[in-house]
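One-letter residues, chain by chain:
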Amino acid sequence: MIAFLIIYSATHAQVNISGKITNTKNKPLAGVSISIKDSYDGATSDSTGNFSFYTDEKGEHTLEVTATGYRPFEQIVNLNGTPIKQNISLKELVTELNAVVITAGSFEASDQKKTTVLSPLDIVTTASANADITGAIKTLPGSQQVGESEGLFVRGGTASESKTFIDGTLVNNFYYTSEPGLATRGRFNPFLFKGTIFSAGGYSALYGQALSSALILESIDLPERSSADLGISYLALNGGLQHLAKNKKSSWGFTYAYTDLWLAFKLINQKPDYYTIPVLHNADANFRIKTSKTGMIKYYGTLSTTRVGFRYADIDSVGMKDAFSLYNINMYHNLSWKERLGNGLKMISGFSYSTNKDDISNELQNGDNQKQLITNPVLFSFKNFGVVTHGNYVNAKVVIEKRLKGLSAIRFGSEYNHSREKSDFTLFNGTKAAEIIKENLLSGFAEADIYLTNDVAAKLGARAEHSQLLDKWNIAPRISLAYKLADNSQASFAYGIFYQGPERKYLPSYSKLNYAKATHYILQYQKLTNSRTFRTEIFYKKYDDLFKTSLTYGREAVVDNNGYGDAKGIEFFWRDKKTIKNVDYWISYSYLDTKRDFLTYPTSIEPPFAAKHTASLVIKKFVTKLKTQFNGSYTYATGRPYYNIRPDNTNTYKIFDKGRTKDYNSLGFSINYLPGIGKPNATRFTVFVFSITNVFGSNNIYSYNYSYDGRNKQPVTPPSRRFYFLGCFISFGIDRSDDVINNNL
Amino acid sequence: MKKTLLLLVIISSSNFLFAQSDKYVAAMKKNISQIDSSIQKGNAAELANNFERIGDAEKNQWLPYYYASYCNVVKGFIDPDKTKSDATADKAEQLITKAEEILGKENSETDVIKSMIASLRMMVDPQTRWQQYGPISSQNIEKAKELDPTNPRPIYLEAQAKFYTPESFGGGKAVAKPLFEKAIPMFDAFKPESELHPTWGKATTEYFLSQCN
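These notes cover the structure that comes with them. (Residues numbered from 1 in each chain as written. Chains lettered and ligands numbered in written order. Predicted model: local features only at pLDDT ≥ 70, side-chain atom pairs only at ≥ 80, totals over all residues. Heavy atoms only, no water.)

### Examining the environment of Gln500(A)
Residues and elements named next belong to chain A. Residue placement: Gln 500 occurs in strand S26 (residues 489-500). For Gln 500, a relative accessible area of 6% translates into the label buried. Residues Gln 500 and Ala 516, 16 residues apart in the sequence, show an inter-C-alpha distance of 5.2 Å. When residues no more than four places from it in sequence are discounted, the contact partners of Gln 500 are Ser 160, Glu 161, Lys 163, Gln 209, Ala 210, Leu 211, Tyr 515, Ala 516 and Phe 547. A distance of 2.8 Å separates a polar side-chain atom of Gln 500 from the backbone oxygen of Ser 160. (Helix = DSSP H or I, 4+ residues; strand = E, 2+ residues; numbered from the N terminus. Buried < 20%, exposed > 50% of the residue type's maximum accessible area, 1.4 Å probe, protein only. Contact = heavy atoms within 4.5 Å. Polar contact = N/O pair within 3.5 Å; in protein donor to acceptor, adjacent residues only side chain to side chain.)

### What to know about a nonpolar patch on the surface
Residue and element names in this part refer to chain A. A cluster of nonpolar side chains, contributed by Leu 241, Trp 252, Phe 254, Phe 287, Ile 289, Leu 335 and Phe 351, occupies part of the molecular surface with about 600 Å² of accessible area. Secondary-structure elements contributing two or more residues to the nonpolar patch are strand S16 (250-260) and strand S17 (273-290). Note on placement: Phe 254 falls in strand S16. Using a relative accessible area of 42% as the deciding quantity, one classes Phe 254 as partly exposed. (Patch = residues over 30% accessible without salt bridge, like charges linked within 9 Å, V, L, I, M, F, W, Y side chains within 5 Å. Areas by Shrake-Rupley, 256 points an atom, 1.4 Å probe, with all protein chains shown as cover. Salt bridge = Lys/Arg side-chain N within 4 Å of Asp/Glu carboxyl O.)

### Digging into the packing of aromatic side chains
Scanning the model with the defined rule gives 41 aromatic pairs over all chains in all. Between Trp62(B) and Tyr66(B), the ring centres sit 5.8 Å apart and the planes meet at 70°, which makes this aromatic pair edge-to-face. Three or more aromatic residues joined by ring pairs form one cluster here, namely Tyr70(B), Tyr156(B), Phe163(B), Tyr164(B), Phe180(B), Trp200(B), Tyr207(B) and Phe208(B). One Lys or Arg, Lys713(A), reaches over the ring of Tyr704(A) and ends 4.8 Å from the middle of that ring. (Phe/Tyr/Trp six-rings, centres within 6.5 Å; stacked < 30°, edge-to-face > 60°. Lys NZ or Arg CZ within 6 Å of the ring centre and 35° of its normal.)

### Quick word on the nonpolar core
Counting 50 residues, the largest nonpolar core has Met28(B) and Phe180(B) as the members making the most contacts within it. No other element matches helix H4 (residues 63-78) of chain B, which puts nine residues into this core. For Phe180(B), the residues in contact, after removing those within four places along its chain, are Tyr156(B), Ala159(B), Gln160(B), Phe163(B), Thr205(B), Phe208(B), Leu209(B) and Cys212(B). Counting residues in each nonpolar core, the second largest holds 27 residues, with Ala136(A), Leu140(A), Ile166(A) and Phe188(A) among its members. (Core = buried A, V, L, I, M, F, W, Y, C linked by side-chain atoms within 4.5 Å.)

### Examining the side chain of Asp597(A)
Residue and element names in this part refer to chain A. In this structure, Asp 597 sits in strand S30 (residues 583-597). Exposure remark for Asp 597: the relative accessible area of 9% places this residue in the buried category. Of note is the side chain of Asp 597, whose polar atom sits 2.5 Å from the side chain of Lys 548. The contact partners of Asp 597, leaving out residues within four places of it in the chain, are Leu 546, Lys 548, Gly 563, Tyr 564, Thr 603 and Ser 604.

### Looking at empty space enclosed by the protein
Residues and elements named next belong to chain A. Within this structure, the stated rule accounts for 12 cavities of 30 Å³ or more. Here the largest cavity is characterised by a volume of approximately 170 Å³. Surrounding the largest cavity, 16 residues form its lining, Ser 160, Glu 161, Glu 503, Phe 547 and Phe 598 being those nearest its centre. Here the residues of the lining of the largest cavity sort into nine nonpolar, four polar and three charged. The space that makes up the second largest cavity amounts to roughly 100 Å³. What lines the second largest cavity is a set of 14 residues, and nearest its centre among them are Phe 107, Pro 141, Arg 155, Glu 537 and Glu 571. Secondary structure elements with two or more residues in the lining of the second largest cavity: strand S9 (106-110), strand S28 (532-552) and strand S29 (555-576). Of the residues belonging to the lining of the second largest cavity, the class tally is six nonpolar, four polar and four charged. (1 Å grid on protein atoms, 1.4 Å probe; cavity = no way out; pocket = protein on both sides within 12 Å on 5 of 7 lines; lining within 4 Å. Points joined across faces, edges and corners; volume = space filled by probe spheres on them. Nonpolar A, V, L, I, M, F, W, Y, C, P; charged D, E, K, R; others polar.)

### Section: the packing of helix H5 (residues 85-103) of chain B against helix H6 (residues 108-122) of chain B
Residue and element names in this part refer to chain B. The N-to-C vectors of H5 and H6 enclose an angle of 165°; their axes lie 9 Å apart at closest approach. In terms of their interaxial angle, H5 and H6 are classed as roughly antiparallel. Along this stretch, H5 crosses H6, giving a crossing that reads as left-handed. Residue-level contacts link Ser 85, Asp 86, Thr 88, Ala 89, Asp 90, Ala 92, Glu 93, Ile 96, Glu 100 and Leu 103 of H5 to Thr 110, Asp 111, Ile 113, Lys 114, Ile 117, Leu 120 and Arg 121 of H6. Grouping the amino acids of the contact of H5 with H6 by side-chain chemistry returns seven nonpolar, three polar and seven charged. (Axes fitted to C-alpha atoms, helices over the stretch in contact; angles between N-to-C directions. Parallel < 35°, antiparallel > 145°, perpendicular 65-115°, else oblique. Left-handed = near helix turned anticlockwise from the far one by under 90°.)

### Thoughts on the pairing of strand S36 (residues 684-693) of chain A
Two elements, strand S35 (residues 664-673) of chain A and S36(A), share five bridges in a ladder whose sense is antiparallel. By the bridge assignment, Asn672(A) is partnered in S36(A) with Val689(A). (Pairing = 2+ DSSP bridges.)

Shown next as structure tokens:
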């Protein structure tokens, strides 16, 4: 009996298991969990990677080793009394959190990704931007400070070399219609977008027909809650509603904005004489439907009208004026669908349809604003004209992606772009002429993301395009690589060939044409921590087959592809959110050395849209006591060249005069006051905005226009020395916290 | 002889049964007692793994996973490297979800943990993330209060949130102090369902109260 008890209460022989955990580079790993499956026994590795524990278990058991970010390790062990010493090396999992990211050529602004340098809020609050996406991007390295014409002029390229895409498909009229001497804004509200990628070169095979850059925008998904929005400023009124369904699986919304610059122009002196003060109507609607756990259909549509008319001194005469008038109506629809198809397959598709009507007229007027019909010299007869352009555009794209091991993936797809533009001209003598330019572009592309380890990633792609207008094919490679140098730093390289067709305004052409071509080589180094970012990029762009134009039947039209050029430079970006308390600032610097021979240039020259040195400093400081964010942004650029290029009496284009503008500098300042901030359950979110552009009133000159005889030279300047904005935006949320409690009890 | 043998068999078999749950109780008690000092000693990661092993071995107990989640959250708050916070929050969330699955529903204590997980995520980048995670954190505190009005821990969390919120936003020490003071007697009066159920928080509440003066 006692013997039985003694036998029963005898302790089991304890086995000691110990060892060291390292990664594949022999670096010790701390905090790793080592355990015997289905038992309490185990340990956690210390700072030297060592562990040691005793177990009571006997016989065959599984030793499990797990650590976040690493592949789990299992081994069968035999527990028979002898101590076990086991050194284990864990393999890193290739996860989004650890892997190197290919960033050569691009800046990303979104909330999620590791490598984002801007957040969507940054775009909206950058002082000089006036809540225009393009305005914020101009404070990053790569784009030029061109104020006389809209668009992004990137690394020596014109604005037409930069294209914008929303949810994958091309946006044909991203900016409001061109007005002489002005850079019009983008049509889209930055709050619409959750992700922005500004690629200054080397962009993916999924995009094409842009020699210089791609601005890739991704619209927001379902809103967090239903809300009503109201905006009041001295130049606009806007209101909208966003409704989130109770089951949080769908939402719909609409907004309407009315803009009238009457009060603004009364308070701020404008150089042009506005006889039709700009009035804009903007309406938009959207819906989003979650088709499954992983799929979503999104629709966004806009309808907008613009009316503007202004007079400016006619450059070719004394005392006469040009009266420009524009009436525009634009409609845009975008439908996109993302869905996971199972088996690691994902489909991303997008479709957009838009129409645009521009009714433009120019009238020569005398000092009393009366129309003057002058036909001698001949050039004066062309100053009276009208043109109505109707554009219809269809864009569609489908991408199928298959996830491979880890983060690797392959994707392929196809894109179709259709455009039809009909222009009805009315000449000074009442003669009418019509022109229709049609284009159907069909593209196919394939791309592979290859992640061998967390330290090396490659993106290989190819894109093929066929243009009906040119009746030609092209095929282009796109390659980029990234290599992780240390925990927070990496180097990236990108190479690609980019093709683009001619601009519609230089068509029809009477020659057989080819695509214009640009070859990009980009090398980048970046170091990113939670609070500081340093990036530097060096690039070389070779342009071939650029379009040359000349006057054909009174119009400038493309004649051949004998143009060429190149652009090279180096850029720096530094952002610091930590060093100065509550202050977030970034500095960009771009050096650009470029020359090209295209359009009517008689030879290869430094183009007027490129400055050698451009630098920006953006500062944001939030003062918690005042609940206010103060933003400043200062930009400096060295002078840009200007030319008087005209045909001489043998009809050959020549440079009759040239010069360089003085340096450009401008300081923008804005204040955002948030009275309701910090109340986590607040249902109302209000922000007051006040901003001033060009605080010091520098007399910036963008360029010069020459009269036809070359004797008169006029500076092209901003329409007003400074601009002020004052407005208030309120978002009323419909609190759903009650629903949450009720649904869970 | 037969009777004694039978008695012995009964005693030894029942010993065996009690030994298994004794083992569980003993292991839990041992680890629970180390939680309060883990902040100073820096061994929250080790405790988290200990609790997780117990949970994996037992399979039908929610408390080991609850404590494993809690220790992961504590580890996340202590770690100065904010780039690891999201991964730690993910792990803590996995564990508290396991606990709730075993329970079949959420309860006041699991909601307290979920509020802390949201706060951990928010601290990675408060300026950008407060709008997304702030409401989640405070909604979980409200749920915890409703599900058990005698639980002092949601009151402590609420007070701590106010303590760290700037005065101009309606927070600050003066606003937090009465909430900490309200929590202390609640800790004393609180009756946990078992000797293993959570009772943590009084020491840190007293520490914060001392900072409010």
